[in-house]
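# An overview of the molecular structure
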Amino acid sequence: MGTFAPSAIAATETAKATASTAPILALGKHGLTLLDAQGRTLDEFGLRAKRWDRRVLADGTTVALLQDADNGALRLLEVRDGKLRERAHWAGPAYDVEAVCLYLEPRQQTLQAFLLGGDGLTEQWLLNEAGPSAPGAMARSTHGRTATSPATTRSASAPVAREGQVLRQLATVPDAKACAVRDDEGRLYVAEADVGLWSFNTDPERAGRALVAPGLAPADLSLWLDAHASQPLPVIPVAVPSAQTEPVRGGGDAADDPAIWIDTAAPARSRILGTDKKRGLGVYDLQGRETQFLPVGRVNNVDVRQRLRYDGRDRDLAVATQRDRKSVVLFDIDAQGRLSTLAELPTGLEEVYGICSARHPGGGLDVFVNDKDGRLIQMRVARERGAWTSTTVATLKLATQPEGCVADEAGHQFFVGEEKRGLWRVALDADGKLGESRLILPIGEMLHADVEGMAVHRGPRGAWLVVSSQGNDSYVVLDADAPYAVKGRFRIGLNTARGIDGTSETDGLDVTSVSLGGEYGEGLLVVQDGHKRWPMGRQNFKLVPWSEVRRVIEGPAR
């Protein structure tokens, strides 16, 4: 049975085309036909196809994706100047496709396709026309099938087939008879014979399925959609990442928290530290290549402070929570950005979790460590007779579990997230110790639990606090100074030109306002990505120019 492809369910299409102006497309035995308003044939693209869907792009162009029944290739056609023209084509997947549904992602307007297999395997593809190609030949798909040259190519200048760019694989239903996507709602609907209608999340970073209409026959999918109004998602602006690190070494939920070390002599050679909470601590350059790995075990969070005064000289130090030994690991960072372990400092906590650090007024290092039971301690690090020691100088108790935190020395304040309640601001006194605290942003419409990583960017335009709103895969930006007004929020999406996926369920993040050169002239944001896509794999960290964050929060420069 062919794919049900009602153009009326595409939010972008209904917004940009009316019944009197939208091109009329019909799939028949001999191919795809373009009709005028009176039903007369304007053009026909000859091929055998049973499965197809259509969309109207942001520029008003109508496109249709068809699967060639002879060789499995995916053919993207467009309506231009009253004609049907081939825009791109791809070698199909290695499995038999039972249904095809297009998805025009509303935030970045990327065209994607869901290819549903008969055994329940579905792939979500990015139809990136600027992707890799093999000039003069059909490109081999990522699954090993090579499509042959179609017999219906219009001319010698027809597009060369490209590799399928699989954002993710997901399990849908084993007997998919029809599908449809509501773009504005972010839902893929799949009809399963003798079972009913299923709903899936279209965001490749998110899972989620529900049986929304038990017993619904596939033939009644369009009637169900007509009877149930779409429920559009809030449109959150998207920042585009510039780079990503190599995947961490541990599998599953392993990557957690990054920290940035600045090479003051050559900022472009700065380093990113990233915890692998199953194996140790990775070090990466700004191109995302791993330059060092320290197998120090289950370190959860990490932080860096530079120009700390010990033994009559400046030192750069990093700290990380070691969960197995309930301690803080202290690292030295040399001028080339290489780390070496200096000491392990006991905490007295039962479940060490989050960590952040500060340069106290005396020039040394303070470490803030929290426990899952809500306790937070401030440890002052000293060096006595050649040994590293620490003393607890202040404590704080939250009602429930904290993790993410950041010390803002310039603002004489400290921020910490209570995962299920919200964001706290704590004053730092003249000696840099924890003082009075108050909740400045509770969980609500803007900030979604869990509250995770946070960092402060102080630059010429002011001080901004960035907080991971893990529950809706976004980042909230506030003024870092009173009254701590919310400036906006954003998500991190695809960089289709560089082959970088978006982010979701971010744990830790870090920011620098130091110019690192090139696209990082205003600084850099680094975030943990909870789900690696395109291709699917182990977790990693994403890099975003601060100018890109500013663009999505302030809007285009006038």
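A brief report on the enclosed structure follows. (Residues numbered from 1 in each chain as written. Predicted model: local features only at pLDDT ≥ 70, side-chain atom pairs only at ≥ 80, totals over all residues. Heavy atoms only, no water.)

## A closer look at the overall build of the protein chain
- In terms of regular secondary structure, the protein chain is built from 3 helices and 40 strands.
- Among the 558 residues that make up the protein chain, the fraction classed as buried is 58%.
- Excluding contacts between residues fewer than 6 apart, the proportion of contacts in the protein chain whose partners are at least 24 apart in sequence is 52%.
- Summed over all atoms, the accessible surface of the protein chain reaches about 22000 Å², with 49% contributed by carbon and sulfur. (Helix = DSSP H or I, 4+ residues; strand = E, 2+ residues; numbered from the N terminus. Buried < 20%, exposed > 50% of the residue type's maximum accessible area, 1.4 Å probe, protein only. Contact = heavy atoms within 4.5 Å. Areas by Shrake-Rupley, 256 points an atom, 1.4 Å probe, with all protein chains shown as cover.)

## Let's talk about the environment of glutamate 548
- Assignment of secondary structure puts glutamate 548 in helix α3 (residues 546-554).
- Of the residues examined, glutamate 548 reaches a relative accessible area of 14% and is grouped as buried.
- Along the sequence, glutamate 548 and glutamate 522 sit 26 residues apart, while their C-alpha atoms lie 9.4 Å from each other.
- Once residues lying within four places of it in the same chain are set aside, the contact partners of glutamate 548 are Val238, Ala239 and Val240.

## A look at the sheet that holds strand β7 (residues 83-90)
- Reading across the sheet, the 4 strands line up as β4-β5-β6-β7 and stay open at both edges, with antiparallel pairing between neighbours. With partners counted over all chains shown, the strands left at the sheet margins are β4 (49-56) and β7, one partner each. Taking the axes of each pair of neighbouring strands and ignoring which way they run, one obtains an average angle of 25° across the sheet.
- Pairing analysis gives 5 bridges linking strand β5 (residues 62-68) to strand β6 (residues 74-80), with the strands arranged antiparallel. (Pairing = 2+ DSSP bridges. Axes fitted to C-alpha atoms, helices over the stretch in contact; angles between N-to-C directions.)

## Quick notes on unusual backbone geometry
- Here the residue pair alanine 449 and aspartate 450 is connected by a cis peptide bond, since its omega of 0° sits within 30 degrees of zero.
- Along the chain, aspartate 450 falls in the loop between β33 (434-442) and β34 (451-459).
- Omega for the peptide link from alanine 482 to proline 483 comes to 10°, which places this bond in the cis form.
- Mapped onto the fold, proline 483 is located in the loop between β36 (474-479) and β37 (486-492).
- Positioned with a positive phi, aspartate 81 is a non-glycine residue whose angle comes to about 55°.

## Re the state of the cysteines
- Counted by the stated rule, this structure contains 2 disulfides.
- Covalent S-S linkage joins cysteine 356 and cysteine 405, the inter-sulfur distance amounting to 2.3 Å. Between cysteine 356 and cysteine 405, the S-S dihedral sits near -120°, and the bridge is therefore left-handed. Here cysteine 405 lies in strand β30 (residues 402-408) and cysteine 356 lies in strand β26 (residues 352-359), a separation of 49 residues in the sequence.
- We classify cysteine 405 as buried; its relative accessible area is 7%.
- Sequential numbering of the bridged cysteines in the protein chain gives the disulfide pattern 1-2, 3-4. (Disulfide = S-S within 2.5 Å.)

## Some thoughts on the pattern of salt bridges
- Taken as a whole, this structure holds 46 salt bridges when the rule is applied.
- Between aspartate 263 and arginine 269 there is a salt bridge, with the nearest N and O atoms lying 4.0 Å from each other.
- The exposure class assigned to aspartate 263 is buried, which follows from its relative accessible area of 6%.
- Arginine 421 is the partner of glutamate 418 in a salt bridge, and the nearest nitrogen-oxygen pair spans 3.4 Å.
- Residue classification places arginine 421 among the partly exposed residues on the basis of a relative accessible area of 35%. (Salt bridge = Lys/Arg side-chain N within 4 Å of Asp/Glu carboxyl O.)

## A short note on the environment of threonine 347
- Secondary-structure assignment places threonine 347 in the loop between β25 (339-346) and β26.
- For the pair threonine 347 and serine 327, spaced 20 residues apart in sequence, the C-alpha to C-alpha distance is 5.4 Å.
- Here threonine 347 is in contact with Lys326, Ser327, Val328, Val352, Val369, Ile377 and Met379, once residues within four sequence places are set aside.
- At 2.8 Å, the side chain of threonine 347 forms a polar contact with the backbone oxygen of lysine 326.
- One polar contact links the side chain of threonine 347 to the main-chain amide nitrogen of leucine 349, over a distance of 3.1 Å. (Polar contact = N/O pair within 3.5 Å; in protein donor to acceptor, adjacent residues only side chain to side chain.)

## Let's talk about the packing of aromatic side chains
- Summed over the entire model, instances satisfying the criterion amount to 8 aromatic pairs.
- Here tyrosine 189 and tryptophan 224 contribute two aromatic rings whose centre-to-centre distance is 5.4 Å and whose plane-to-plane angle is 50°, an arrangement assigned as tilted. Of this pair, tyrosine 189 sits in strand β13 (residues 187-192) while tryptophan 224 is found in helix α2 (residues 221-227), placing the two residues 35 residues apart along the sequence.
- Taking the relative accessible area as the measure of exposure, tyrosine 189 reaches 5% and is therefore buried.
- Of the residues examined, tryptophan 224 reaches a relative accessible area of 13% and is grouped as buried.
- Its end group placed over the ring of phenylalanine 293, arginine 249 keeps NZ or CZ at 4.3 Å from the ring centre. (Phe/Tyr/Trp six-rings, centres within 6.5 Å; stacked < 30°, edge-to-face > 60°. Lys NZ or Arg CZ within 6 Å of the ring centre and 35° of its normal.)

## With respect to the pairing of β5
- Of all 7 residues in β5, 7 are buried, a share of seventy percent or more.
- Neither face of β5 is exposed, since Thr62, Ala64, Leu66 and Asp68 on one face and Val63, Leu65 and Gln67 on the opposite face are all buried.
- Hairpin geometry of β4 and β5 is characterised by an intervening segment of 5 residues between the two adjacent antiparallel strands and by a positive phi of about 90° at glycine 60.
- The hairpin formed by β5 and β6 contains 5 residues between the paired strands, and glycine 72 there has a positive phi angle of roughly 80°.

## Here we look at the sheet that holds strand β29 (residues 387-397)
- Strand order in the open sheet formed by 4 strands is β26-β27-β28-β29, with antiparallel pairing between adjacent strands. Each having just a single partner strand, β26 and β29 make up the two edges of the open sheet. Each strand of the sheet is rotated relative to its neighbour by a mean of 25°, with strand direction disregarded.
- Here strand β28 (residues 375-384) pairs with β29 via 10 bridges, running antiparallel. If you follow leucine 376 over to β29, its bridge partner there is leucine 396.

## Here's the deal with the pairing of β37
- Most of β37 is tucked away, with 5 of its 7 residues classed as buried.
- In this structure, strand β16 (residues 238-239) lies alongside β37, joined through 2 bridges in parallel fashion. Across the sheet, valine 238 pairs through a bridge with arginine 491, a residue of β37.
- Examined bridge by bridge, β36 and β37 share 4 bridges and lie antiparallel to one another. Opposite tyrosine 475, over in β37, you have phenylalanine 490 as the bridge partner.

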